[in-house]
Amino acid sequence: MRFDPVGRDEAREMARRELDKQVYQRDKPSWLEREWERFTDWLGDLLQRAAAPNAQGNGSGWVSVAVIILILAVAIALVAWLMWGRRNPRSRGDALLEDEPSTALDHRDAAEAHAAAGQWAEAIRERLRAVARDLEERAVVSPRPGRTADELAAEAGEALPQLAEELRGGVRVFDDVWYGDRPGTSEGYARLKGLDERLQETRPKPLEDDDLVPAVTGEEGGPRW
């Protein structure tokens with residue numbers, strides 16, 4: 001059997017085509033892996049030189065220290081920027097009700113409108129505002145500017161001990177969504193709506209006399225409501 005000789009260029013081309021086959025490419029690192037390996041090698045060399053800066057006669061050890069400090073500063077700034085962007089500017093110390101006059105019905109209507117639009121976080125907030133305003137209108141709690149959601153649950157729970165746990169649970173839903181960056185859901189809104197409806201059906205114990213604040217003083221010194 002006689003074989004035709006293969007030239008050098010032809011042999012090189014045949015070898016290239018063979019190595020281009022998928023079976024040889026399967027274990028080849030990706031460009032990202034190659035770049036990461038190159039970076040880690042460079043960083044390792046940098047750290048090795050920075051460990052003994054005085055050992056380098058040309059001062060490259062101190063240059064390595066400066067580069068490492070710069071890398072750390074950039075990394076810290078990046079983490080701080082990311083954390084600041086995710087930080088919720090709202091606080092649990094914010095007042096639940098705004099200063100503008102409103103009624104429980106106003107907030108219920110607003111809550112239903114938000115729910116119809118699928119805006120569950122806003123719907124949950126408005127429904128809890130409806131709860132707060134309704135409790136004030138029925139003298140379950142005294143009207144007080146600046147009251148927070150957590151304070152509402154504590155004060156209303158004293159007047160309605162049978163619903164104290166549900167009040168705390170409803171406020172937790174509000175806190176998680178409004179301050180904890182959790183998404184509002186239809187289930188969360190349904191929980192606040194159910195709480196509002198149960199509170200309307202409940203007869204609270206009356207406020208203590210100390211909680212009543214006279215609005216106007218009559219001519220003879222007695223309170224006039």
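Whatever comes next refers back to the structure up there.
Residues numbered from 1 in each chain as written. Predicted model: local features only at pLDDT ≥ 70, side-chain atom pairs only at ≥ 80, totals over all residues. Heavy atoms only, no water.

Chemist: Quick question: what am I supposed to make of a nonpolar patch on the surface here?
Modeler: Together, Trp36, Phe39, Trp42 and Ile71 make up a nonpolar patch on the protein surface, roughly 410 Å² of accessible area in all. It is helix H3 (residues 31-51) that contributes the most residues to the nonpolar patch, three residues altogether. Topologically, tryptophan 36 is positioned in helix H3. The exposure class of tryptophan 36 is exposed, given its relative accessible area of 57%. (Patch = residues over 30% accessible without salt bridge, like charges linked within 9 Å, V, L, I, M, F, W, Y side chains within 5 Å. Areas by Shrake-Rupley, 256 points an atom, 1.4 Å probe, with all protein chains shown as cover. Salt bridge = Lys/Arg side-chain N within 4 Å of Asp/Glu carboxyl O. Helix = DSSP H or I, 4+ residues; strand = E, 2+ residues; numbered from the N terminus. Buried < 20%, exposed > 50% of the residue type's maximum accessible area, 1.4 Å probe, protein only.)

Chemist: Help me out: how do you make sense of the nonpolar core in this one?
Modeler: A general tendency of soluble globular proteins is for nonpolar side chains to be buried together. Counting residues in each nonpolar core, the largest one holds 31 residues, and the members touching the most others are Ile124, Leu128, Leu135, Leu160, Phe174 and Leu199. Where this core is concerned, the elements lending two or more residues are helix H5 (104-116), helix H6 (120-137), helix H7 (149-159), helix H8 (164-178) and helix H9 (186-200). In terms of residue count, the dominant contributor to this core is H6 (seven residues). (Core = buried A, V, L, I, M, F, W, Y, C linked by side-chain atoms within 4.5 Å.)

Chemist: Please clarify how H9 should be interpreted in this entry.
Modeler: Each full turn of the α-helix corresponds to 3.6 residues, which orients residues three or four apart in the same direction. The end-to-end C-alpha distance of H9, which contains 15 residues, comes to 21 Å, matching closely the 21 Å that a straight helix rising 1.5 Å per residue would cover. Taken together, the buried positions of H9 are occupied by Gly188, Tyr189, Leu192, Gly194, Leu195, Asp196 and Leu199. At its buried positions, H9 is contacted by H5, H6 and H8. (Expected span 1.5 Å × (residues − 1). Contact = heavy atoms within 4.5 Å.)

Chemist: Can you help me understand the packing of H6 against H8 in this one?
Modeler: For any two helices packed against each other, the geometry comes down to the angle between their axes and how far apart the axes lie. Put simply, H6 and H8 touch, their axes get as near as 10 Å, and they point 140 degrees apart. Taken as axis vectors, H6 and H8 run oblique relative to one another. Considering only the axes of H6 and H8, their crossing is left-handed. Judged by residue contacts, Ala121, Glu122, Ile124, Arg125 and Leu128 of H6 engage Val171, Val173, Phe174, Val177 and Trp178 from H8. Across the contact of H6 with H8, the residue classes break down as eight nonpolar, no polar and two charged. (Axes fitted to C-alpha atoms, helices over the stretch in contact; angles between N-to-C directions. Parallel < 35°, antiparallel > 145°, perpendicular 65-115°, else oblique. Left-handed = near helix turned anticlockwise from the far one by under 90°. Nonpolar A, V, L, I, M, F, W, Y, C, P; charged D, E, K, R; others polar.)

Chemist: Just checking my understanding: could you explain the pattern of salt bridges for this structure?
Modeler: Opposite charge on two side chains permits them to pair, given that their charged atoms come into close proximity. Evaluated as defined, the whole model comprises 17 salt bridges. Note that glutamate 151 is salt-bridged to arginine 144, the shortest N-O span being 3.3 Å. Judged by relative accessible area, arginine 144 falls into the partly exposed class, the value being 33%. Each of the salt bridges in this network shares a partner with another, and the network as a whole consists of Arg108, Glu112, Arg127, Asp134, Arg138, Lys193 and Asp196.

Read these as geometric descriptors, not functional statements.
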